[in-house]
Amino acid sequence: MGDRWQVEVDRGVCIGSGMCVAAAPDGFRLDTARQSHPAAPETDADESVLAAAEGCPVEAITLTVAGSGDAVFPPEE
């Protein structure tokens, strides 16, 4: 892939299911309130991070290309 992604979690939407941590254990953490947050705000493009975003039951995870802001997930319609 070669891109770097900006990873954001909308903590107002996150329900703490932990599915993102299961899909990408190096990419996400749950805090003591069971709210998800990215392990780093920017990461190399990674299929497991994309799978975590796609698998989030409430679509709380947003991925954009670092620098350009182009949408990775959810895709622009």
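Residues numbered from 1 in each chain as written. Predicted model: local features only at pLDDT ≥ 70, side-chain atom pairs only at ≥ 80, totals over all residues. Heavy atoms only, no water.

Trainee: Whenever I open this one, the nonpolar core confuses me. Can you help?
Mentor: Nonpolar side chains in soluble globular proteins tend to be buried together. Counting residues in hydrophobic clusters, the biggest one holds 17 residues, and the most contacted among them are W5, V9, F28, V49, I61 and L63. Contributing elements (two or more residues each) for this core: strand 1 (4-9), helix 2 (47-55) and strand 5 (61-65). The element best represented in this core is helix 2, accounting for four residues. In this structure I61 touches E8, V9, C20, F28, A52, A53, C56, F73 and P74, once residues within four positions along its chain are discounted. (Core = buried A, V, L, I, M, F, W, Y, C linked by side-chain atoms within 4.5 Å. Buried < 20%, exposed > 50% of the residue type's maximum accessible area, 1.4 Å probe, protein only. Helix = DSSP H or I, 4+ residues; strand = E, 2+ residues; numbered from the N terminus. Contact = heavy atoms within 4.5 Å.)

Trainee: Could you clarify how one ought to interpret the pairing of strand 1 in this entry?
Mentor: If a strand is regular, its side chains alternate between the two faces of the sheet. Side chains of strand 1 alternate between two faces, with W5, V7 and V9 buried and R4, Q6 and E8 left unburied. Note that strand 1 and strand 4 (residues 42-44) share three bridges and pair antiparallel. Following the sheet pairing, R4 is matched in strand 4 by D44. Relative to strand 5, strand 1 runs antiparallel, the two being bridged by five bridges. Residue V7 lies in a different strand from strand 5, and its bridge partner there is L63. (Pairing = 2+ DSSP bridges.)

Trainee: Sorry, what's going on with the sheet that holds strand 6 (residues 71-73) here?
Mentor: Where strands meet in a sheet, backbone hydrogen bonds hold them as pairs that are either parallel or antiparallel. Strands sit in the order 4-1-5-6 across an open sheet of four strands; the sheet is antiparallel. The open sheet terminates on both sides in strands that have one partner only, identified here as strand 4 and strand 6. Strand after strand, the sheet turns through a mean of 35° between neighbouring axes, direction not considered. This element, helix 2, spans strand 1, strand 5 and strand 6 of the sheet and lies at about 140° to strand 5. (Axes fitted to C-alpha atoms, helices over the stretch in contact; angles between N-to-C directions.)

Trainee: Is there a simple way to think about helix 2 in this case?
Mentor: Given 3.6 residues per helical turn, the α-helix brings residues three or four places apart onto the same face. Looking only at helix 2, the buried set comprises V49, L50, A52 and A53. Projected down its long axis, helix 2 carries its buried residues within an arc of 155°, all on one side. Next to the buried residues of helix 2 lie strand 1, helix 1 (19-23), strand 2 (28-30), strand 5 and strand 6. (Arc of directions from axis to C-beta.)

Trainee: Which parts of the structure should I look at to understand unusual backbone geometry?
Mentor: Excluding glycine, most residues fall at negative phi; most peptide bonds, likewise, are trans. Look at the link from F73 to P74: it is a cis peptide, with omega at -5°. Within the element layout of this structure, P74 appears in the segment after strand 6. The phi angle at R34 is positive, at roughly 60°, despite the residue not being glycine. Position of R34 relative to the elements: it lies in the loop between strand 2 and strand 3 (36-38). In this structure R34 comes out as partly exposed when scored by relative accessible area, which is 46%.

It is worth stressing that arrangement in space is one thing and function is another; only the former is reported here.
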